[in-house]
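# Descriptive analysis of the structure
Residue-level listing of the chains:
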Amino acid sequence: MKSFTSRRARGILVAIAAGSLALTGCSENTGNTGKDKSEKQDKAKEQQQGVAYLDAEASAGPAEEVPGAKPGGTITVYQESALSHMDPGQIYVSDAGQFANLVFRGLTNFEEDGKGGVAVVGDLATDSGKASNDNKTWTFTLKDGVKDENGNEITSADVRHSVERLYAEFIFDGPTYLQTWLSGPDYRKALPDGGFGKKHLPDSVLETPDDKTIVFHFDTPRPDLPMTLAMPGYSIVPEETDTKEKYDTAPVSLGPYKIAEFKAGKTLKLVKNENWDPKTDSVRHQYVDGFDFQFGITESSQTKRLISDQGDAKNAIQFTGSVDATQIQDVIGNQPVESRTIKGYQPYVMQLTFNLDRVKNKAVRDAATYAVNSKSLIAGEGGAYGGDVAPNLFAPTLPGYDAKYDPYGRLTTPAGNIEKAKELLADVPAAEKKLVFAYANSEAGQKRKVAIEDALGKVGFDVVSKEIDAASYYEQIGKLANPYDIYITGWGQDWPSAGTVVTPIYDGDQVADGASNYSHINDPKVQELIKKALTEQPEQAAKTWEEAHKYILEEVNPAAPLWYTKQLQLYGSNIGGARYSTESSYMDVTRLFLKS
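Presented here is an overview of the structure given in this document. The residue numbers shown here count from 1 along each chain, following its written sequence. Restriction of local features to residues with pLDDT of at least 70 applies here, the model being predicted, together with a cutoff of 80 or more for giving and counting side-chain atom pairs; totals for whole chains, interfaces and linings are based on all residues. Hydrogens and waters are ignored; side-chain quantities use all the structure's heavy atoms.

Turning our eyes to something else, we now look at the sheet that holds strand β18 (residues 559–570). Only when DSSP finds a minimum of two bridges between them are two strands counted as paired. Think of it this way: any DSSP run of H or I at least four residues long counts as a helix, any run of E at least two long counts as a strand, and we number them from the N terminus. On the basis of which strands lie adjacent, the open sheet formed by six strands has the order β14-β18-β13-β17-β15-β16 and mixed pairing. A single partner strand is all that each edge strand has here, and the edge strands are β14 (387–389) and β16 (462–468). Strand-to-strand, the axes of this sheet are offset by a mean angle of 35 degrees, without reference to chain direction. Direction of pairing for strand β13 (residues 341–354) relative to β18: antiparallel, over a ladder of ten bridges. Along β18, the bridge assignment pairs Gln351 with Pro561. Note on contacts: a residue pair is in contact if any heavy atoms of the two residues lie within 4.5 Å. Only the stretch in contact is used when a helix axis is fitted, and all axes are lines through C-alpha atoms; the angle between N-to-C directions ranges over 0 to 180 degrees. The strands touched by helix α13 (residues 499–506) within the sheet are β13 and β17 (486–492), with β17 carrying the most contacts at an inclination of about 150 degrees.

As structure tokens, this is what we get:
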């Protein structure tokens with residue numbers, strides 16, 4: 001899943017056989033911080049635990065109280081760029097995913113124990129779902145008394161509507177698992193108007209026999225459905241208040257908070273949703289009176305304010321930002337400040353993606369892959385606290401991760417293999433050495449731009465950099481006819497199967513405007529392996545996914561692996577309940593309170 005500067009990952013692993021996780025070397029820390037206390041890859045083993053599907057008792061509210069929690073007050077939220085989306089169907093990026101945790105609800109949700117363990121519970125549903133017919137049929141029953149912010153009770157018709165609207169053309173940036181599972185890769189043809197007219201999906205696909213019951217019918221086993229439905233992109237949109245395209249700026253809340261004021265790109269104010277009933281919610285809390293979002297606050301400014309801990313900063317948090325790389329030395333080792341941090345290993349693989357419609361020469365792609373300087377890029381992210389060198393396209397949080405698989409020698413030459421890159425470029429025409437690089441206009445984007453220009457320039461590439469607004473970054477590079485040759489993207493598994501990495505970003509059926517296949521790879525061998533893996537049991541499928549992984553990276557090379565990401569966030573001294581969320585890879589915003 002997309003993170004804000006990568007793709008937001010769901011850092012949890014499905015209950016399948018998890019392979020052992022080996023350590024790899026961390027990048028050099030750029031700050032004078034003494035002993036390196038950054039997260040190591042063995043920490044990612046916590047995310048290789050199985051995910052339990054819990055029953056009605058575990059799914060009933062209210063959520064377990066956070067020790068010491070008090071009601072009242074407003075939390076200030078620092079965020080550099082505007083939210084990418086607020087329409088649930090469009091949410092596939094981490095900033096919007098964090099927002100969704102406060103405002104939206106789905107049929108299921110993830111529940112965490114604070115120790116890396118994650119389970120699926122019923123959210124709007126009474127439990128995590130009941131499977132039958134060899135996992136081809138899933139039945140969910142709605143809880144009593146769940147209302148939207150207008151006081152309207154949620155029914156099965158709202159759930160049906162929320163699924164069917166995903167088929168509409170105006171929904172282009174969210175996950176597509178459920179739609180394709182129900183109606184195939186050309187799912188939009190099954191319901192072109194997204195259910196807004198008289199036509200609906202047949203009961204043989206999606207059945208709502210009464211106001212409380214929803215039944216999904218698939219043509220193949222879908223044991224991962226409870227985790228899929230827990231994604232923010234499958235949150236419920238009440239049918240009566242759906243304004244189609246306009247919903248992205250004024251969505252209706254089902255969660256503990258609702259929008260009171262929104263000034264695009266400037267501010268967002270959330271206040272309590274009086275119609276949220278904690279008795280129906282086993283995951284979320286409503287301790288504070290609201291959240292005031294301040295957009296346009298750079299990571300360096302966020303960090304300075306939170307280190308100083310003065311005024312409103314005492315009640316502030318970083319949302320999807322991290323501690324500024326140049327100020328890490330002012331945080332780590334400074335115990336009063338470091339005690340106000342959350343740390344965790346993220347499941348994202350950052351990569352330099354090639355637009356295969358424009359960069360058709362594999363020698364060019366291979367040369368760029370050897371040339372890129374992971375060490376420099378990681379330094380810009382905070383050194384050992386920002387990430388590790390990535391030798392391949394699978395993350396350490398995936399079961400069976402092979403830390404030794406390193407076809408381009410990233411671990412031995414993390415600063416780039418200049419000689420090899422020059423050798424590959426020797427016979428390449430000058431015109432093919434010109435690469436248009438798209439980057440986000442954020443502080444992180446600027447640092448990455450400098451590192452990419454420097455590394456590729458050293459081996460003979462002519463890099464022309466083009467700036468993109470950070471909030472619409474993935475929307476812009478997600479256009480098939482985009483004018484860019486290369487761009488940095490990142491992906492983490494949506495749940496713990498390599499299939500949620502390979503299919504969203506390397507499946508030829510996902511070559512479309514708004515889809516996640518940013519390289520536009522459409523290779524017959526890859527398609528064959530995907531089709532094979534999807535019909536296999538998890539243990540055998542894992543081997544097929546790994547075969548696909550090696551073929552993609554070595555024989556096609558649509559993206560150069562750069563680094564695996566880590567999280568280091570800071571919060572004010574009056575914030576209580578802060579902890580790392582394995583599920584979101586950020587601070588868990590559902591349990592925060594103000595100490596005084």
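What follows concerns the nonpolar core. Side-chain atoms within 4.5 Å are what join buried Ala, Val, Leu, Ile, Met, Phe, Trp, Tyr and Cys residues into a set we call a nonpolar core. Working definition: with a 1.4 Å probe on protein chains only, accessible area under 20% of the residue-type maximum means buried, over 50% means exposed, and in between means partly exposed. Judged by nonpolar contacts, the single largest core of 104 residues is most densely connected at Phe216, Leu352, Leu456 and Phe461. With six residues, the top contributor of residues to this core is strand β15 (residues 434–440). What Leu352 contacts, discounting residues up to four positions off in sequence, is Val372, Phe437, Ile452, Ile486, Tyr487, Ile488, Pro558, Ala559, Ala560 and Leu562. Membership of the second largest hydrophobic core comes to 28 residues, among which are Phe104, Phe293, Phe295 and Ile342.

Each turn of an α-helix holds 3.6 residues, which means side chains three or four residues apart point in the same direction. Counting buried positions over the eight residues of α13 gives eight, a clear majority of the element. Within the sequence span of α13, burial applies to Gly499, Thr500, Val501, Val502, Thr503, Pro504, Ile505 and Tyr506. In this structure, the buried side of α13 is in contact with α4 (177–183), β13, β17, α14 (524–533) and α15 (538–556).

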